[in-house]
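# Tertiary structure, described
One letter stands for each residue in the lines below.
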Amino acid sequence: MRRASSTVLSHLPTHTKTSFSLLSKNVITHLSSLSTTTPANELYHNHPSPTRLKTCNKSNALVLSKIKTQQFQAHPSQNFNTLVEQPPPQVTSRQRNIKERSQLEEAFESAKTTEDMLKAFKDMEASFDEKELGLACLKLGLKLDQEGEDPEKTLSFAIRALKVLDTDNKVSFPLAMTLQLLGSACHSLKRFNDSLGYLNRANRILGRLEEEGSCSVDDIRPVLHAVQLELANTKTAMGRREEALGNLKRCLEIKEMTLEKDSKELGNANRDLAEAFVAVLNFKEALPFCLKALEIHKAQLGHNSVEVAYDRRILGIIYTGLEEHEKALEQNHLSQKVLKNWGLSSDLLRAEIDAANMQIALGKYDEAINTLKGVVQQTDKESEDRSLVFLSMAKALCNQEKFVDSKKCLEVACGILDKKETTSPTIVSEAYMEISMLYETMNEFETATSLLKRTLAILEKLPQEQHHEGSVCARIGWLLLLTGKVPQAIPYLESAAERLKESFGSKHFGVGYVYNNLGAAYLELDRPQSAAQVFAIAKEIMDVSLGPHHTESIEACQNLSKAYGAMGSYNLAIEFQQQAIDAWEGHGPSAQDELKEAHRLLEQLKKKACGVFSNEPPIKALPLPHTSGSVSSRSSQPGVSQ
């Protein structure tokens, strides 16, 4: 991804290159009229720098001198007496100092490379006060950040710029750019909390400048886009992908206000947002953005462009997620044709693997195997692509219940992936998750759990994969619960809930699954009060995210009834069981078995409650424990109702 600093850097004097098409063609008035060495207090007034004025005056004097010389050469006799009688002009130390400072400043402004800029800046430090170097520090920091090779040095220049520009609680455009630079540098150094602090402040200042009208919106928008993009990158790196989506949406809105409505870059921005939604498994939200990207790219570049092929591949993944597999396969085939025409063999190979997985989803196992047999011949012996081919082959064989052959393919895949854990941790961790699910399907629970623990060890080193980390914890907990290792399951489930809340928010339906399983674990350990608390959270999440009549919501309601029954709180147990019965009745004939079982449980509760109501004071429902943030991640396990 292009560094956001390339956007901001373009708004400083003209020695830098702009690499971001959103940029205003006019350099911001504030900065174009200021010397690089403008004192900080002058950034908040409409007065030009004294240094700049003197430089301009000196330049005018040189022009006049040149004109006089030309006049002498044209009419030497008219100037003879003047040359003889007039003494040479005396240059004062003050004038000499002004000239030297002007030359240093011009050397810095004209420097093309980072090395030249650093050398010129070092020369300037001996002649200028620190408070005069604020913009120069900002400019140099942006150049370093654009190259991305030395974030520590970038940060040092950004801090120096901030000390100069952040004065008297006043806001300015250069201050906002400095805060954006600090956010970018801290992100590069993995100081994510610091990065968020700087970026959020930059965002507030830009909003205030826009409200006050002190800067042109055409100048503010590119820098605001850089801030929003950096916020999205930082939140994604922290695993807070749901929050990052809001910033990416804002990026798209800014581009829509700035770019031509059918520009290629606007198409790319729509596709980027679609991919971000795919990353959090929100295929429904991803679909319109991907379709928009496809529409723009077809209109601008034609049906056979590479961009259109990439759009179609993402669209195929989205349709797969929506379980519209025929549409997915159609988009995949169209994408393959273009990729083949362009000779993009690597992308084509991945598309062929995608096609095989779509065939598996459609139950066309033999077709998928034949596709994969053709693909495997194109892969290198120890390549990641080869491991993915064998993984898909194992999936097809597993669906045909050819478990021996499936395990052989998985062993080949794992043998390759073992050697890639350090170099390609994300690809390997995702593959391990899929492999563990296949072992789980074949009732190889120990192997599945072991692989998931290896996956967790990889993910713990990748903060941007926190959402996967939470999902893996949830799955390990579920497998341990399934195999009767309840005490071992609880810490994994508790950890999963906390990690997923941070990534997806407290009302994501996947969090409900985690809490449902955690409640079942507490019941197994005869901790009904703890079980009731987490079942109550699960029910609330399911009701909000899926609706109270969804089957998972009904299961959560019955689990809560069971927990209150175990506590002896029969009034509440009967109340929630009756709610479950009412909900099942709304499902009609398809839920007759579930309705019958729900009635049986209700009668059982009523029998247990006989003789208790007259002596037992009413018990109120347990309050929900205070939860910070949010719970989430699609923990693909159903709720536990025992």
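Residues numbered from 1 in each chain as written. Predicted model: local features only at pLDDT ≥ 70, side-chain atom pairs only at ≥ 80, totals over all residues. Heavy atoms only, no water.

### A look at the packing of helix α28 (residues 570-585) against helix α29 (residues 592-609)
Definition in use: Only the stretch in contact is used when a helix axis is fitted, and all axes are lines through C-alpha atoms; the angle between N-to-C directions ranges over 0 to 180 degrees. Comment: elements are numbered from the N terminus, with helices defined as DSSP H or I runs of at least four residues and strands as E runs of at least two. For this classification, under 35 degrees means roughly parallel, over 145 means roughly antiparallel, 65 to 115 means roughly perpendicular, and everything else is oblique. Left-handed describes a crossing in which the near helix is turned anticlockwise from the far one by less than a right angle; the clockwise case is right-handed. The contact criterion used throughout is that any non-hydrogen atoms of two residues lie within 4.5 Å. Three classes are used, and their members are as follows: Ala, Val, Leu, Ile, Met, Phe, Trp, Tyr, Cys and Pro are nonpolar, Asp, Glu, Lys and Arg are charged, and the others, Gly among them, are polar.
For the pair α28 and α29, the least separation of the axes is 9 Å and the interaxial angle reads 165°. With respect to α29, the axis of α28 lies roughly antiparallel. The handedness of the crossing between α28 and α29 comes out as left-handed. Between α28, through Tyr570, Ala573, Ile574, Gln577, Gln578, Ile581, Trp584 and Glu585, and α29, the contact on the second element is made entirely by Glu594, Leu595, Ala598, His599, Leu601, Leu602, Leu605, Lys606, Lys608 and Ala609. Residues that form the contact of α28 with α29 fall into these classes: 11 nonpolar, 3 polar and 4 charged.

### Examining the nonpolar core
As a reminder, the rule being used: What makes a nonpolar core is a set of buried Ala, Val, Leu, Ile, Met, Phe, Trp, Tyr and Cys residues whose side-chain atoms join them at distances within 4.5 Å. Partly exposed describes any residue whose relative accessible area lies between the buried limit of under 20% and the exposed limit of over 50%, with all areas from a 1.4 Å probe on protein chains only and scaled to the type maximum.
Ile318, Leu410, Ile435 and Tyr515 are the most contacted members of the largest nonpolar core, which totals 116 residues. Those residues in contact with Ile318 that sit more than four places away from it in its chain are Val278, Phe283, Ala286, Leu287 and Cys290. Ala111, Phe157, Ala158 and Cys215 belong to the second-largest nonpolar core, a separate cluster that totals 48 residues.

### Points about the environment of Thr455
Worth spelling out the cut-off: Polar contacts, as counted here, are pairs of nitrogen or oxygen atoms within 3.5 Å of one another; within protein the pair requires one atom able to donate a hydrogen and one able to accept it, and residues that are adjacent in sequence qualify only if both atoms are side-chain atoms.
Along the chain, Thr455 falls in helix α22 (residues 445-459). Residues Thr455 and Val428, 27 residues apart in the sequence, show an inter-C-alpha distance of 8.1 Å. The residues contacting Thr455, other than those within four sequence positions of it, are Ser429, Tyr432, Met433 and Val472. Among the polar contacts made by the side chain of Thr455, one reaches the main-chain carbonyl oxygen of Leu451 at a distance of 2.8 Å.

### Some details on the confidence of the model for the chain
We apply this condition: As a per-residue measure, pLDDT tells how confident the predictor is, with possible values from 0 to 100.
Taken over all residues, the pLDDT of the chain has a mean of 82, while the share at 70 or more is 81%. Every residue in residues 9-34 is under pLDDT 50, and counting partners more than four places away or in other chains gives 66 contacts. Taken together, the stretch residues 40-84 has pLDDT below 50 and engages in 34 contacts with residues farther than four places along the chain or on a different chain.

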